[in-house]
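Listed here are the chains, written in short residue letters.
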Amino acid sequence: MSLTERLQSLEHAIAWKGEIPLQSRYTLGLAGERFFREIRDHARLLATHCPACDWTYLPPRAYCERCLAELTEWVEIPPSGVVYSYTVLYRDLDEQPLDPPLVVAFVRLEGCDGGLIHYLLVEPEQAYIGMPVEVMFREERKGSIQDIAGFRPA
Amino acid sequence: MSEHISVYPGTPLKERDFAEGKVLCEWWVPRAEYAWDAGVAIGRFLRELRAGRLIARRCPQCRRVLVPPRMVCEHCFCPTSDWVYLPGTGAVKTFSICYVTWDMQPLEEPIIPAVIALDGASPGGGIMHLLGEVSPEAVRIGLRVEPVFRPAGERTGAITDIRYFRPIAEVNP
């Protein structure tokens, strides 16, 4: 037996439309709070260092992911690094075309074992893995990843 | 607090701390839009509501009359066969007296959502809706009710085309 009844006309196809009201507030945590305050107030990058593992976390962690020790040693990281990987975006989150396209890169920063994902402020054809770059801070900062405009060629 | 712990570790935050800018945070309002395909059975159910009628489906095997209507009987796993109009009247199966809205806003006048067992539907069949023209004190399980439809021009093919169910006036035999 099969279903014998089907929609006979397009206007009979009813979709129920709605919107779920959602709001989210993300707090940065103890280490994130200090990291972004330093960016906001002094346009500097801070990392935490684990002396036992000789590992420097950027973004900073309050606890070492390797030995679980509490990290209290804060070090300043120079705002320069190297493109580790990148991608070119031709569509935004709502699938609308982006013109010009955006380049997003993971940049490993000097003097630490981490890195940041942010915009790479170059034309897509100019981007390459291994490209030396530096952090470009905005003039007006309020304690957010948006305080960084992106990475530009060093 | 438990007997052994007087202070929990952590960083307690109050709403005031955000308002006064003591703590950094990221504020995000995601767009959670959706479109739910009503399908054949509920699609017809909603169109009939717009016309001021309630409709069900009958299973050819167990003979149950299913409302809300569905194209497959979940007991027999066979396609349902016929459309059946219902008179719309029914009885309160269960109800709740709500003094808060779904998003926790307090209500002066309570709303009374109820499951209504519709006449003509098999036991267990019925829909959830609001009760109206009845005080919270007067509601009881088994209360006979009828639908109050919106005026024809205001109906959109939605469950809210029925404004609410109200008690049927008692008629002396």
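Predicted model, so just to flag it, every value in this text is computed and none were measured. (Residues numbered from 1 in each chain as written. Chains lettered and ligands numbered in written order. Predicted model: local features only at pLDDT ≥ 70, side-chain atom pairs only at ≥ 80, totals over all residues. Heavy atoms only, no water.)

Enquirer: How should I be thinking about the environment of R53 of chain B in this particular structure?
Expert: Residue and element names in this part refer to chain B. On the secondary structure map, R53 appears in the loop between α2 (39-50) and β3 (54-58). Residue class for R53 comes out partly exposed when judged on its relative accessible area of 39%. Between the alpha carbons of R53 and G88 there is a distance of 7.2 Å; along the sequence they are 35 residues apart. (Helix = DSSP H or I, 4+ residues; strand = E, 2+ residues; numbered from the N terminus. Buried < 20%, exposed > 50% of the residue type's maximum accessible area, 1.4 Å probe, protein only.)

Enquirer: I tried to follow the sheet that holds strand β3 (residues 45-50) of chain A on my own but got confused; where do I start?
Expert: Two pairing modes exist for strands in a sheet, parallel and antiparallel, and in both the strands are linked by backbone hydrogen bonds. Residues and elements named next belong to chain A. Pairing within the open sheet is antiparallel, and its three strands lie in the order β4-β3-β5. For this open sheet the edge positions go to β4 (55-57) and β5 (73-77), each flanked by a neighbour on one side alone. For this sheet the average axis-to-axis angle between neighbouring strands, irrespective of direction, equals 40°. Relative to β5, β3 is paired through five bridges, and the arrangement is antiparallel. Each bridged residue has a counterpart across the sheet, and for A47 the counterpart in β5 is V75. Contacts between helix α1 (residues 29-42) and the sheet are confined to β3 and β5, with β3 contributing the most and set at about 145° to the helix. (Pairing = 2+ DSSP bridges. Axes fitted to C-alpha atoms, helices over the stretch in contact; angles between N-to-C directions. Contact = heavy atoms within 4.5 Å.)

Enquirer: Teacher, can you tell me more about the nonpolar core here?
Expert: Across soluble globular proteins, nonpolar side chains have a tendency to be buried as a group. Counting residues in hydrophobic clusters, the biggest one holds 30 residues, and the most contacted among them are F45, L54, V67, L118, L131 and F165 of chain B. Taken together, the elements giving at least two residues each to this core come down to α2, β3, β5 (82-86), β8 (106-118), β9 (126-131) and β11 (162-167) of chain B. A total of five residues in this core trace back to one element, the largest contributor, which is α2 of chain B. When neighbours within four sequence positions are excluded, L131 of chain B is seen to be in contact with V92, I112, A114, I116, V139, V145, Y164 and F165 of chain B. With 25 residues, the next largest nonpolar core counts A47, L120, V135 and F137 of chain A among its residues. (Core = buried A, V, L, I, M, F, W, Y, C linked by side-chain atoms within 4.5 Å.)

Enquirer: Please explain the confidence of the model for chain B as it appears in this structure.
Expert: Low-pLDDT portions of the prediction should not be read for the details of their coordinates. Confidence along chain B averages 92 in pLDDT terms, with 98% of residues attaining 70 or more. The ipTM assigned to the predicted complex is 0.73, against a pTM of 0.65. (pLDDT = per-residue confidence, 0-100.)

Enquirer: I'm lost on the sheet that holds strand β7 (residues 97-109) of chain A in this one. Help?
Expert: Residues and elements named next belong to chain A. In spatial order, the strands read β8-β7-β6-β9-β10; together these five strands make up an open sheet with antiparallel pairing. Only two strands of the sheet have a single partner each, and these edge strands are β8 (115-119) and β10 (148-153). For this sheet, the mean angle separating the axes of adjacent strands, direction not counted, is 35°. Summarising the sheet, strand β6 (residues 80-91) and β7 pair through nine bridges and their orientation is antiparallel. Paired with V88 across the two strands is V103, which belongs to β7.

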